[in-house]
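Listed below are the residues making up each chain.
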Amino acid sequence: MIPVTPAFAEALRAPVTRPVLLFELLRENDALRIWNRYHTLDWAGHKWTGAGSVVSVSPLTETTELQVQRTILTFAAPEISEEAEKIILGGGIRRSPVTCWYGLLDESGKMIPGPIVRFRSRADAPTLRDDPETGERIVELPVEGAIFNLTRPPQTVLSAEDQRVRFPDDTGLDNMAMQAEAQLIWPTGAYNGFMPPA
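Residues numbered from 1 in each chain as written. Predicted model: local features only at pLDDT ≥ 70, side-chain atom pairs only at ≥ 80, totals over all residues. Heavy atoms only, no water.

Caption draft 1: Region of the structure containing the environment of Val 57. Within the secondary structure, Val 57 is located in strand β5 (residues 54-57). For the pair Val 57 and Pro 142, spaced 85 residues apart in the sequence, the C-alpha separation amounts to 9.7 Å. Residue contacts for Val 57: discarding those within four places in its chain leaves Leu 21, Phe 23, Thr 71, Ile 72 and Leu 73. (Helix = DSSP H or I, 4+ residues; strand = E, 2+ residues; numbered from the N terminus. Contact = heavy atoms within 4.5 Å.)

So this is what it looks like as structure tokens:
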């Protein structure tokens, strides 16, 4: 059983509920925080951008088997902020942590304390398109469990170039290629007065 705050439990039992979904996508230098309303929400010390009233989440099943869990988050809104669009289309989202909260609003539109974490996962490559009928901007963001990384080859290699993508000032791997090709000559006789055992 998922523990909830008394205020959240009382709101769940109310005859009228106002559910919302909040999504946080973290990257190394920035974050995308959106929720399924049109206006901006102040919650947990952050501002959450309204992504529109239409949000769908494909079924996310629970199983005892060792298999990849994958779902697709779909957002639709008349427009998406330039900041959010820059993050979505700017690359670097793949494998970024994604957290989804299920929350409830009170009558004044404020978040009731104690939203439930619905899932924590990792993002795959998103898509952004325009709906030809409504003119809305549609964002589709696939998310998957960390075990999915075991089913595909790694996206990075151990090299100086890849290291600088994450740590621009790190030069620790600059000599790796030279060391990999270096020819090592082991002594066969006495070396500095030392004779290896036969």
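Caption draft 2: Inspection of the pairing of strand β10 (residues 137-144) at higher detail. Most of β10 sits inside the fold, with seven of its eight residues counted as buried. For strand β8 (residues 116-123) and β10, the ladder comprises two bridges, and the chain directions are antiparallel. Counterpart to Ala 123 in the pairing with β10 is Val 143. Two strands pair when backbone bridges link them, and strand β9 (residues 127-130) and β10 are joined in this way by four bridges, in the antiparallel orientation. If you follow Thr 127 over to β10, its bridge partner there is Glu 140. Taking the residues that link successive antiparallel strands as the turn, the β9-β10 hairpin has six residues, and the phi of Gly 135 there is positive, at about 80°. (Buried < 20%, exposed > 50% of the residue type's maximum accessible area, 1.4 Å probe, protein only. Pairing = 2+ DSSP bridges.)

Caption draft 3: Layout of unusual backbone geometry. A positive phi is found at Ala 44, a non-glycine position, where the angle reads about 55°. Checked against the element boundaries, Ala 44 lands in the loop between β3 (41-43) and β4 (46-50).

Caption draft 4: Inspection of the nonpolar core at higher detail. Among the nonpolar cores identified, the biggest contains 17 residues, and Phe 23, Leu 25, Leu 73, Phe 75 and Leu 141 are the most heavily contacted of them. Within the second largest apolar cluster, nine residues are counted, among which are Leu 22, Trp 35, Leu 41 and Trp 101. (Core = buried A, V, L, I, M, F, W, Y, C linked by side-chain atoms within 4.5 Å.)

Caption draft 5: The packing of aromatic side chains, seen in detail. Inspection of the entire model under this criterion finds four aromatic pairs. Judged by centre distance (5.5 Å) and plane angle (80°), the ring pair of Trp 43 and Trp 101 falls under edge-to-face. Placement of the pair is Trp 43 in strand β3 and Trp 101 in strand β7 (residues 97-104), with a sequence separation of 58 residues. Put simply, the rings of Trp 43, Trp 48 and Trp 101 touch in pairs and so form one group of aromatic residues. (Phe/Tyr/Trp six-rings, centres within 6.5 Å; stacked < 30°, edge-to-face > 60°.)

Caption draft 6: Local environment of the environment of Val 139. The residue Val 139 is located in strand β10 in this model. Considered as a pair, Val 139 and Pro 126 are 13 residues apart in the sequence and their alpha carbons are 7.1 Å apart.

Caption draft 7: Spotlight on the pattern of salt bridges. Taken as a whole, this structure holds three salt bridges when the rule is applied. The residue Glu 140 makes a salt bridge to Arg 129 at a minimum N-O spacing of 3.3 Å. In this pair, Glu 140 sits in strand β10 while Arg 129 sits in strand β9, placing the two residues 11 residues apart along the sequence. Overall, Arg 129 belongs to the partly exposed group, its relative accessible area being 38%. (Salt bridge = Lys/Arg side-chain N within 4 Å of Asp/Glu carboxyl O.)

Caption draft 8: Summary view of the pairing of strand β2 (residues 31-35). Burial runs high along β2: five of the five residues are buried. Alternating residues of β2 divide into Ala 31, Arg 33 and Trp 35 and Leu 32 and Ile 34, and every residue in both groups is buried. Relative to β2, strand β1 (residues 19-26) runs antiparallel, the two being bridged by five bridges. Among the inter-strand pairings, Leu 26 is bridged to a residue of β2, identified as Ala 31. The turn joining β1 and β2, which pair antiparallel and follow one another in sequence, is formed by four residues. Alignment of β2 against β4, held across two bridges, turns out to be parallel. Of the residues in β4, the one forming a bridge with Ile 34 is Thr 49.

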